[in-house]
Amino acid sequence: RIAMPSWVIDRYGSNEVLRFTRDMLFPIIHFPNEVIIKVHAASLNPIDLSMRSGYGATALNMKRDPLKLKTDETEFPLTLGRDVSGVVMECGLAVSYFKPGDEVVWAAIPPWKQGTLSEFVVASGNEVSFKPKCLSHTEAAALPYVGLTAWSALNQVGGLNKSNCSGKRILILGASGGVGTFAVQLMKAWDAHVTAVCSHDASPLVKKLGADDVIDYKSGNLEEQLKTLPLFDFILDNVGGSTEKWALDLLKKWSGATYVTLVTPFLINMDKLGVADGMLQTGVTVGSKTLKHLLKGVHYRWAFFMPSGPNLDEIAELVDSGKIQPVIDEVFSFSEVPKAFLKLEGGHARGKTVINVISRQ
């Protein structure tokens with residue numbers, strides 16, 4: 001076979017740029033550590049909306065072709081979608097952990113690679129993991145990207161783990177989306193005290209996931225509401241914007257307390273200023289903010305999604321032991337991908353938007 005069904009974009013823009021094709025080139029293994037996965041289910045994340053509109057194109061194109069070897073090629077046609085749950089079809093020579101056939105796997109594909117809204121996708125072996133046994137493909141596809149993003153922020157950047165969280169006061173801003181719902185569950189699995197901020201109609205969901213205190217950001221001044229509570233050991237910010245101006249005042253001073261934000265200007269800087277100046281501007285910004293807050297006795301950090309099979313192994317263990325469950329807002333069929341994008345674009349997500357690529361689940 002040389003072609004497969006896929007949803008692609010040929011230019012950046014709003015929802016009308018999405019195009020269904022049966023002629024997308026079948027993926028090829030280029031490196032010995034790669035695997036080809038038959039996609040059973042995928043899901044959408046806010047980064048898919050951003051990438052559809054061209055956000056981050058400068059940085060992602062540099063990552064796709066760092067030496068500018070492909071003079072005549074563009075990134076198009078580009079397939080979006082980061083999450084996959086499916087079956088390994090083919091393995092590179094260096095892959096020993098998986099074998100073609102019945103292996104049921106999940107992964108989050110980094111944004112510089114072709115995505116998962118397709119019949120098949122290529123991933124590096126170290127990005128792939130065996131999916132939780134207790135989940136269907138549809139359920140499993142809801143977790144990898146948000147799970148790894150939260151894991152990166154809380155564990156790798158924030159330094160939290162199952163042995164140091166007990167009794168810690170954690171504040172999660174933006175608790176009802178994909179990353180937020182995962183973060184609430186992970187922190188409760190690690191025995192922390194969780195205060196979650198979301199809208200009133202998402203409160204029952206977030207309480208059900210285990211949050212100790214739920215604050216409705218619409219029911220008055222959020223900053224004032226939070227200031228009435230005891231100080232926090234850790235803040236995860238999925239919202240950004242003006243929250244950064246006051247949120248760090250809610251941390252305990254001089255006790256190792258940390259604020260981690262997932263809303264960073266890194267890709268925007270590179271889009272606006274080019275690669276070199278964008279990276280310089282980003283470095284200056286994060287450096288000056290880190291120093292400013294360090295002098296006030298708190299840690300300020302940025303976090304990003306990081307692909308990782310080993311971290312997905314740990315997440316799968318937590319899922320199979322009943323400590324984390326996927327939170328799915330709505331499931332769409334493969335023919336309804338544009339509709340799924342519009343749903344995500346409408347905002348106010350309660351968990352994830354999932355796509356069944358193979359309709360028999």
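Residues numbered from 1 in each chain as written. Predicted model: local features only at pLDDT ≥ 70, side-chain atom pairs only at ≥ 80, totals over all residues. Heavy atoms only, no water.

A. Examining the sheet that holds strand S11 (residues 213–216) more closely. Pairing is parallel in the open sheet, where six strands are placed in the order S11-S10-S9-S12-S13-S14. A strand with exactly one partner marks an edge of an open sheet, and here the two such strands are S11 and strand S14 (299–302). Adjacent strand axes in the sheet meet at a mean angle of 15° when their direction is disregarded. Contacts between helix H4 (residues 144–157) and the sheet are confined to strand S12 (234–237), strand S13 (258–261) and S14, with S12 contributing the most and set at about 155° to the helix. (Pairing = 2+ DSSP bridges. Helix = DSSP H or I, 4+ residues; strand = E, 2+ residues; numbered from the N terminus. Axes fitted to C-alpha atoms, helices over the stretch in contact; angles between N-to-C directions. Contact = heavy atoms within 4.5 Å.)

B. Seen up close, the sheet that holds strand S2 (residues 18–25). Ordered by their spatial adjacency, three strands build an open sheet running S2-S1-S4, and the pairing between neighbours is antiparallel. Each edge of the open sheet carries a strand with a single partner, namely S2 and strand S4 (78–79). The pairing of strand S1 (residues 3–9) with S4 spans two bridges and is classified as antiparallel. Of the residues in S4, the one forming a bridge with Ile9 is Leu78.

C. Spotlight on the nonpolar core. Counting 79 residues, the largest nonpolar core has Leu117, Leu154, Ile172, Val184, Leu186, Met187 and Ile355 as its most contacted members. Sort the elements by how many residues they give to this core and H4 lands first, with seven residues. Summarising the domain contributions, this core has at least three residues from each of domain 1 (3–144 + 327–356) and domain 2 (158–302). Once residues within four sequence positions are removed from consideration, Leu154 is found in contact with Gly159, Leu160, Ala183, Leu186, Met187, Phe234 and Leu236. If you look at the next biggest cluster of nonpolar residues, it comprises 18 residues, including Ile215, Phe232, Tyr259 and Val298. (Core = buried A, V, L, I, M, F, W, Y, C linked by side-chain atoms within 4.5 Å. Buried < 20%, exposed > 50% of the residue type's maximum accessible area, 1.4 Å probe, protein only. Domains from an automatic or database assignment.)

D. Structural view of the side chain of Glu75. Positionally, Glu75 belongs in the loop between helix H2 (57–64) and S4. Buried charge without a partner: Glu75 forms no salt bridge, and the closest opposite charge is Arg64, 4.7 Å away. Separated by 2.5 Å, the side chains of Glu75 and Tyr12 make a polar contact. A polar contact is formed between the side chain of Glu75 and the side chain of Asn61, at a distance of 3.3 Å. Dropping the residues within four chain positions of it, Glu75 is found in contact with Tyr12, Asn61 and Arg64. (Lys, Arg positive; Asp, Glu negative; His and termini not counted. Salt bridge = Lys/Arg side-chain N within 4 Å of Asp/Glu carboxyl O. Polar contact = N/O pair within 3.5 Å; in protein donor to acceptor, adjacent residues only side chain to side chain.)

E. Representation of the packing of aromatic side chains within the structure. For the structure on display, the rule yields 10 aromatic pairs. Ring centres of Phe26 and Phe120 lie 4.8 Å apart, and the angle between their planes is 55°; this geometry places the pair in the tilted category. Here Phe26 is found in the loop between S2 and strand S3 (34–44), whereas its partner Phe120 is found in strand S7 (residues 120–124), with 94 residues between them in sequence. A centroid spacing of 5.0 Å and a plane angle of 55° characterise the contact between Phe98 and Phe130, whose relative ring orientation is tilted. Here the residue Phe98 occupies a position in the loop between strand S5 (83–91) and strand S6 (104–108), and Phe130 occupies one in strand S8 (residues 128–130), the gap between them amounting to 32 residues. Taken together, the ring pairs connect Trp7, Phe20 and Phe334 into an aromatic cluster. Geometry around Trp112 places Lys63 over its ring, the cationic atom sitting 4.8 Å from the centre. (Phe/Tyr/Trp six-rings, centres within 6.5 Å; stacked < 30°, edge-to-face > 60°. Lys NZ or Arg CZ within 6 Å of the ring centre and 35° of its normal.)

F. Looking closely at the packing of helix H9 (residues 266–273) against helix H10 (residues 275–294). Close contact between H9 and H10 brings their axes to 7 Å; oriented N to C, the two are set at 140°. One way to sum up the angle between H9 and H10 is to call them oblique. The two elements H9 and H10 cross, and the hand of that crossing is right-handed. Residues Phe266, Asn269, Met270 and Leu273 of H9 touch H10, and the partners they reach there are Val275, Asp277, Gly278, Met279, Gln281 and Thr282. Residue classes in the contact of H9 with H10 are distributed as five nonpolar, four polar and one charged. (Parallel < 35°, antiparallel > 145°, perpendicular 65-115°, else oblique. Left-handed = near helix turned anticlockwise from the far one by under 90°. Nonpolar A, V, L, I, M, F, W, Y, C, P; charged D, E, K, R; others polar.)

G. Representation of the domain arrangement of the chain within the structure. Here the domain parsing of the chain yields domain 1 (3–144 + 327–356) and domain 2 (158–302). For domain 1 versus domain 2, the separation of C-alpha centres amounts to 28 Å. Looking only at domain 1, the three residues that lose the most surface to domain 2 are Tyr55, Val327 and Arg350, adding up to 42% of its buried area. For the interface between domain 1 and domain 2, the tally reads one salt bridge. Between domain 1 and domain 2 we count four residue pairs in polar contact (both at pLDDT 80 or more) in total. (Buried area = accessible area lost by both parts, 1.4 Å probe.)

H. Region of interest: helix H12 (residues 337–345). Those residues of H12 that sit buried are Val337, Ala340, Phe341 and Leu344. All buried residues of H12 lie within an arc of 100° about the axis, which places them on one face of the element. Structurally, H12 contributes buried residues whose contacts are with S1, S2, S3, helix H1 (46–52), strand S15 (328–333) and strand S16 (352–356). (Arc of directions from axis to C-beta.)

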